[in-house]
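Topology and contacts: notes
One letter stands for each residue in the lines below.
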Amino acid sequence: MVKNGKLFLPPPKDGSDFKELFRQLAAAGAGRPLGGDGFPAGPWTPELLASPSSQIDSNRIGVDLRTVQLWFQENEKGISTANIRWLARIFGCDDPAATSEWQIELSAAQSRLTAKRRDLKKAVSSVAPAADDGTESPAEQTPGTDAQGPSRRFSLASRSEALFSRGSPLNLPASVFAGATALGFLSYITGIHNATYSRPDGLVKQVGFLWAPNWTLLFMVLLPLFFAFVIELLLFWKYEGRLKLVAQGDRMESDDAWACNVEAYSYSYWAVFLICVLFAGLFQWIGVSLIPLINGGGNYAIDWGKLAIVRPEVISLPMQIVFTALAYLYMCLCFYLFFAGLILLHTVVHDLWKIGQASKNLPGVDHQYGVHEVSLRMMRGIFRCTVLGILMAICMKAQSSYLTSTGENIAAWLVSDMSSALYERKDVSNGFSYRMPTHYSSLLIAISTCVVFLYGAIRIGAESRFRLALWKMSAVVAILFAGYLLIGVFAGFSILLGIGVLLAIYGLIDPVFGQSQASELGNKQGVL
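Analysis parameters
- Residues numbered from 1 in each chain as written.
- Predicted model: local features only at pLDDT ≥ 70, side-chain atom pairs only at ≥ 80, totals over all residues.
- Heavy atoms only, no water.
- Helix = DSSP H or I, 4+ residues; strand = E, 2+ residues; numbered from the N terminus.
- Expected span 1.5 Å × (residues − 1).
- Buried < 20%, exposed > 50% of the residue type's maximum accessible area, 1.4 Å probe, protein only.
- Arc of directions from axis to C-beta.
- Core = buried A, V, L, I, M, F, W, Y, C linked by side-chain atoms within 4.5 Å.
- Contact = heavy atoms within 4.5 Å.
- 1 Å grid on protein atoms, 1.4 Å probe; cavity = no way out; pocket = protein on both sides within 12 Å on 5 of 7 lines; lining within 4 Å.
- Points joined across faces, edges and corners; volume = space filled by probe spheres on them.
- Nonpolar A, V, L, I, M, F, W, Y, C, P; charged D, E, K, R; others polar.
- Bend = angle between axes of the 7 residues up to and from the residue.

Some thoughts on helix H17 (residues 493-509)
A rise of 1.5 Å per residue sets the reference length of H17, with its 17 residues, at 24 Å; its end C-alpha atoms lie 25 Å apart and thus fit the reference within 8%. What H17 keeps buried is the set Phe493, Ser494, Leu497, Gly500, Ala504, Gly507 and Leu508. An end-on view of H17 places all buried positions within 140° of arc, on one side of the element. In H17, those exposed residues whose orientation departs by more than 90 degrees from the buried face are Leu502 and Ile509.

As structure tokens, this is what we get:
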């Protein structure tokens, strides 16, 4: 049957659930325009079906491709009430009467699918006590299977995202802080919390664990704050911002589409995990700590991790090995989570950009205002995370540079550097040449955070209405990154570094630097 030049199939009314009914209609190509020869054009694909929904006048954005893909897959996902309306128009070939019939049929099919799910869950829950008589329930037959039967493989991407988005927002920052606190207590117990050693040139240097900002300030302050901002941004996007921008506003389908976006980055998560655990963790511990401790050599500056070489009376060699192993294990896991947070920020930016592009040329001033409003909030959060990431890199490089300098402790070293520039004193640089792997790892952290900020600025900030605030954010990031690069390069570097740090701290409090939302977004009133 043909309606409006399209293949029309009447509702079968055979009691099929949504999955069965949709499978039949998609295979037949119901609602597709006829070919030039007057014959059906063929079956629907996810891409083909997602396209006509966006061409319906009342559907401003259309149905997300990820959502349509879920309809085609063998899963327990149904269809929302809003999308039933659009799908009924497609299967009804834009005929009002036929659309009404299909809307009734699709609603009934969705209800039957929901009833089947409910009955299946009841059946599984009633079978679960059977484990007492030695038999296995369906949920216990294979590790990683769900109550519905299909096996779910382990997903590092979804597990990592869950650490940020599930449970209390305080869980992850508090865990990182607790781990750093535990290491601080262990350093106090072992006696390396406040330790000095005399260098061959006679200089007595402070190398205590609690004096190292890359192990105290970084893990106790900067990294928990970074996680807190990432979590805040992620929760806003998942449960508020995304629902505000997608046309359907359906929570279940929005969650499904977001889960697909997260899973698309699976290889990135695995690559970062292997690099952090194997190279930054295991191999670095073996090369920088274990081998020098055992052999008593290595062209590395003495710090708290190698104190047993020069002061065995403070800490024994076995205890030093155990402590450094725990510290490096904690460090590599934390930095994996740090890079996972950056991947999530990239995912959010990309998702927002796709939704913004879909609605860019569609009518609706209020909707466009919503996109820019959400974009501004996103850039505020990304800027904060970028600033914290560069500050972490600064802590790492500053500690590494201090160990090779002539300063007695890191605070005195920075003050002496500032004085050398202001009062034209001699340079406080050293005369020793050491390997400094922390310089490389800190550079990776600084560049990675800046790349995410740059990506956000290009994708969601280039055509935005808050360019002035974005330029201010970019200037602060540039000054802070320049301060990081110039650590230890010339006398007086600490002046530029201090200016960048002060601007960064102010930026954490007020990311738009005094710009109100009203002045940035136009006629709408309100202040961010």
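Remarks on unusual backbone geometry
Even without a glycine there, the phi angle at Lys13 is positive, about 55°. When you line up the elements, Lys13 lands in the loop between strand S2 (6-7) and helix H1 (18-28). In this model, Cys93 sits at a positive phi of 55°, which is unusual for a non-glycine residue. Mapped onto the secondary structure, Cys93 falls in the loop between helix H4 (81-91) and helix H5 (96-127).

Some words on the nonpolar core
Membership of the largest hydrophobic core comes to 112 residues, with the highest contact counts inside it found for Phe219, Leu223 and Phe226. Ignoring anything within four residues of it in the chain, the contact list for Leu223 reads Val176, Leu218, Cys334, Phe338 and Met392. Residues Phe22, Ile79, Ala88 and Ala109 belong to the second largest nonpolar core, which totals 24 residues.

Describing the environment of Trp71
For Trp71, the position within the fold is in helix H3 (residues 65-72). Between the C-alpha atom of Trp71 and that of Phe18, which follows or precedes it by 53 residues, the distance is 9.0 Å.

What about the layout of surface pockets?
Its volume calculated, the second largest pocket comes out at about 990 Å³. As for the second largest pocket, its lining consists of 42 residues, of which Ala280, Gln284, Met396, Pro437 and Ser441 are closest to the centre. Elements that contribute at least two residues to the lining of the second largest pocket include exactly helix H8 (217-245), helix H10 (266-295), helix H12 (317-360), helix H13 (365-403) and helix H15 (437-461). In terms of residue count, the dominant contributor to the lining of the second largest pocket is H15 (nine residues). Grouping the constituent residues of the lining of the second largest pocket by class yields 27 nonpolar, 12 polar and three charged.

Details of H10
Spanning 30 residues, H10 covers 40 Å between terminal C-alpha atoms, matching the ideal 44 Å at 1.5 Å per step. Along its length, H10 reaches its greatest deviation from straightness, about 45°, at Gln284. Ser266, Tyr269, Val272, Cys276, Gly281, Gln284, Trp285, Val288, Ser289, Leu290, Pro292 and Leu293 are the residues of H10 that are buried. Immediately downstream of H10, the backbone of Gly296 shows phi near 70°, a positive value.

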